[in-house]
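# Topology and contacts: notes
In case you want the letters, here they are:
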Amino acid sequence: MTQILITMGVLGGINGLLALLLVIAEKFIANYGSCRITVNGEKIFEIQGGSSLLNSLKTQKIFLPSACGGRGTCAYCKCRVLDNGGTVLPTEAPLLTQDEIKNHVRLACQLKVKKDLAVEIPEELFNIQEFTAVVEKLEDLTSDIKLVRLQLKHPETIQFKPGQYVQLQNNPYEGVKETASRAYSIASPDSDSRVLELIIRLVPEGIVTTWVHQYLKAGDEVRFTGPMGDFALHEGEGEIVMVAGGSGMAPMVSLLNQLEKQKSKRKITYFFGAVKRSELFYEEVMKRFGERLVDFTFVPALSQPDPDDHWSGKTGLITRPLDEYLQTIDTSKVQGYLCGSPGMIRACIGVFSQRGVENDRIYYDPFS
Ligand SMILES: Cc1cc2nc3c(=O)[nH]c(=O)nc-3n(C[C@H](O)[C@H](O)[C@H](O)COP(=O)(O)OP(=O)(O)OC[C@H]3O[C@@H](n4cnc5c(N)ncnc54)[C@H](O)[C@@H]3O)c2cc1C
């Protein structure tokens, strides 16, 4: 037994060493020279091989969505690679369906450009632009959620659909030399195209949120790309039931602004989850929507209120009041809109399905 374990350990060590040598060789020795990328059969450009397809396209101002910043987890940077893409990598396979693999769909962040490539990219992605903006205001909404208001500088305006997001890029800061970009949903109305409001929750040790919360100041210049994403309001007559937690508030505010602008007569019920009273925010904003929308109800729920909170509202995880409510209404035309952590979204989809809201009437944006 001991001998088997030693043999396995030695083999594992050799494998690890070989993998490390390959990575080093790839970084310092491999030279792929100049490679030609043809996009949609018409745009052709030459780049120095060796970078990911995602970054190579970026050098030509073609910005594919990449909410995870190129780490191969969000799968938003899918595109078709018609020539010379090679076989799908183990890092891509779990995020591609069999049909996508057959159709030569790849993750642009994982595919390294080593040869001439022909790629196909949906036309609407060419609308994604790179922006610079100035931080007009930073405001603490809770102890770990900030409102960031940006005044656009170049270009001076942005056209977006409520529900969409932008990818904000950090500047290097103490201890972090790299720049990364992360997705943040737009919280402001599309009626003022010169400003953007983002609602950003601090993630412990997170690259971009640490920068936003601890280093960013009013007057600083920032960069972002956008707009991206297809989370949006859908046509329908039935009730709208929204569910969000934490910074998941952002796209909901944007959708509520749109409903207000449309003078929508639809019934809207919005469930918002927090742990305790100090994590609730935008109650005034919700009150104003209550005054301006024909039939709007905001239902905050606390999962662990402090005794000092003197909370008399709904309690428990947000799935509880959601489930109780769905049992009291006719759900045959209800549309569900969800935003927050993947876990919360999964749990809420389960509740909606159980109460008769079909999957094709549930729309969501997981903040993964
Ligand atoms: C469509 C979409 C919209 C979004 N909208 C919003 C929004 O409006 N507001 C909002 O607050 N968030 C939003 N998010 C989430 C946001 O994009 C970021 O994921 C989040 O802010 C964290 O970014 P970060 O750079 O601070 O953290 P990251 O640096 O990405 O780190 C996240 C966590 O992973 C850990 N980690 C990082 N690298 C590694 C590693 N190599 N190995 C192990 N652990 C690691 C970190 O320690 C940290 O705990 C959205 C996400 C999506 C997909």
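Residues numbered from 1 in each chain as written. Predicted model: local features only at pLDDT ≥ 70, side-chain atom pairs only at ≥ 80, totals over all residues. Heavy atoms only, no water.

### With respect to the overall build of the protein
For clarity, the cut-off: A run of DSSP states H or I qualifies as a helix once it reaches four residues; a run of E qualifies as a strand once it reaches two. Both are numbered from the N-terminal end. Throughout, a contact is declared for two residues whenever any of their heavy atoms are within 4.5 Å. Here the accessible surface of atoms and residues is derived via Shrake-Rupley with a 1.4 Å probe, and residues count as covered only by protein chains that are part of the display. The charge count treats Lys and Arg as positive and Asp and Glu as negative. His and the chain ends do not count. Taken as the charge location is NZ of Lys, CZ of Arg, CG of Asp or CD of Glu.
In terms of regular secondary structure, the protein is built from 8 helices and 17 strands. Dimensions of the protein along its principal axes, counting C-alpha atoms only, are 65 × 65 × 45 Å. Sequence separation of 24 or more characterises 69% of the internal contacts of the protein that already satisfy a separation of 6 or more. Split by element, the accessible area of the protein, about 19,400 Å² in all, is 51% carbon and sulfur. Positive and negative side-chain charges in the protein, numbering 40 and 44 respectively, have mean positions lying 2 Å apart.

### Considerations on the site of the ligand
As a reminder of what qualifies: A molecule or strand has a residue near it when one of that residue's heavy atoms lies within 4 Å. Two N or O atoms count as a polar contact when they lie within 3.5 Å, although within protein this holds only if one can serve as hydrogen donor and the other as acceptor, and sequence-adjacent residues are included solely when both atoms are side-chain atoms. Gly counts as polar in this scheme, as do all residues outside two lists: the nonpolar Ala, Val, Leu, Ile, Met, Phe, Trp, Tyr, Cys and Pro, and the charged Asp, Glu, Lys and Arg.
Taken together, the neighbourhood of the ligand is formed by 24 residues, with Arg71, Arg182, Ala183, Tyr184 and Thr209 sitting nearest. Between the ligand and the protein, one listed contact pairs a nitrogen atom with a backbone N or O atom of Ile199 at 2.8 Å. Elements that contribute at least two residues to the shell around the ligand include exactly β9 (181-185), β10 (195-201), α4 (207-214) and β17 (362-366). Counting residues per element, the shell around the ligand draws most heavily on β9, which supplies 4 residues. Here the residues of the shell around the ligand are counted per class, giving 14 nonpolar, 5 polar and 5 charged.

### A look at the pairing of β9
Just so we agree on the cut-off: Only protein chains enter the accessibility calculation, which uses a 1.4 Å probe. A residue is then buried if its area is under 20% of the maximum for its type, exposed if over 50%, and partly exposed in between. DSSP bridges decide pairing: two strands pair if at least two such bridges lie between them.
Most of β9 is tucked away: 4 of the 5 residues are buried. In this sheet, β9 lies alongside strand β8 (residues 165-169) in antiparallel orientation, the contact comprising 5 bridges. Looking at β9, one finds that Gln169 is bridged to Ser181.

### Let's talk about helix α8 (residues 342-354)
Here is the rule we go by: Given the number of residues in a helix, its expected span is that number minus one, multiplied by 1.5 Å. The arc in question is formed by the directions pointing from the helix axis toward the C-beta atoms.
Here α8 spans 18 Å end to end across 13 residues, near enough to the 18 Å set by a 1.5 Å rise per residue. All buried positions along α8 are accounted for by Met344, Ile345, Cys348, Ile349, Val351 and Phe352. An end-on view of α8 places all buried positions within 160° of arc, on one side of the element. Across from the buried face of α8, at angles greater than 90 degrees, the exposed residues are Arg346 and Gln354. Immediately beyond the C-terminal end of α8, within one or two residues, lies Gly356, with a positive phi of roughly 90°.

### Considering the domain arrangement of the protein
Note the threshold: Throughout, the edges of the domains are those of an automatic or database domain assignment.
Taken domain by domain, the protein consists of domain 1 (33-125), domain 2 (128-228) and domain 3 (240-366). One C-alpha centre belongs to domain 1, the other to domain 3; they are set 37 Å apart.

### What about unusual backbone geometry?
In this chain, His154 is followed by Pro155 through a cis amide linkage whose omega measures -15°. Within the secondary structure, Pro155 is located in the loop between β7 (145-154) and β8. Of note in the backbone geometry, Asn40 takes a positive phi value of approximately 50° without being a glycine. Phi angles above zero are rare outside glycine, and His104 is one such case at about 65°. Note that His104 resides in the loop between α3 (98-102) and β4 (105-107). On the basis of relative accessibility, which here comes to 42%, the residue His104 falls in the partly exposed class.

### A look at the sheet that holds strand β3 (residues 78-83)
Short version of the rule: Where helices are involved, their axes are fitted lines through C-alpha atoms of the stretch in contact, as for all axes, and angles between N-to-C directions lie from 0 to 180°.
Pairing is mixed across the open sheet formed by 5 strands, whose spatial order is β2-β1-β5-β3-β4. In this open sheet, the two strands that pair with only one neighbour each are β2 (43-48) and β4. On average, each strand axis in the sheet is tilted by 40° relative to the strand beside it, whichever way the strands run. Bridging between strand β1 (residues 34-39) and β2 involves 6 bridges; their strand directions are antiparallel. Within β2, the position partnered with Cys35 by the bridge is Ile47.

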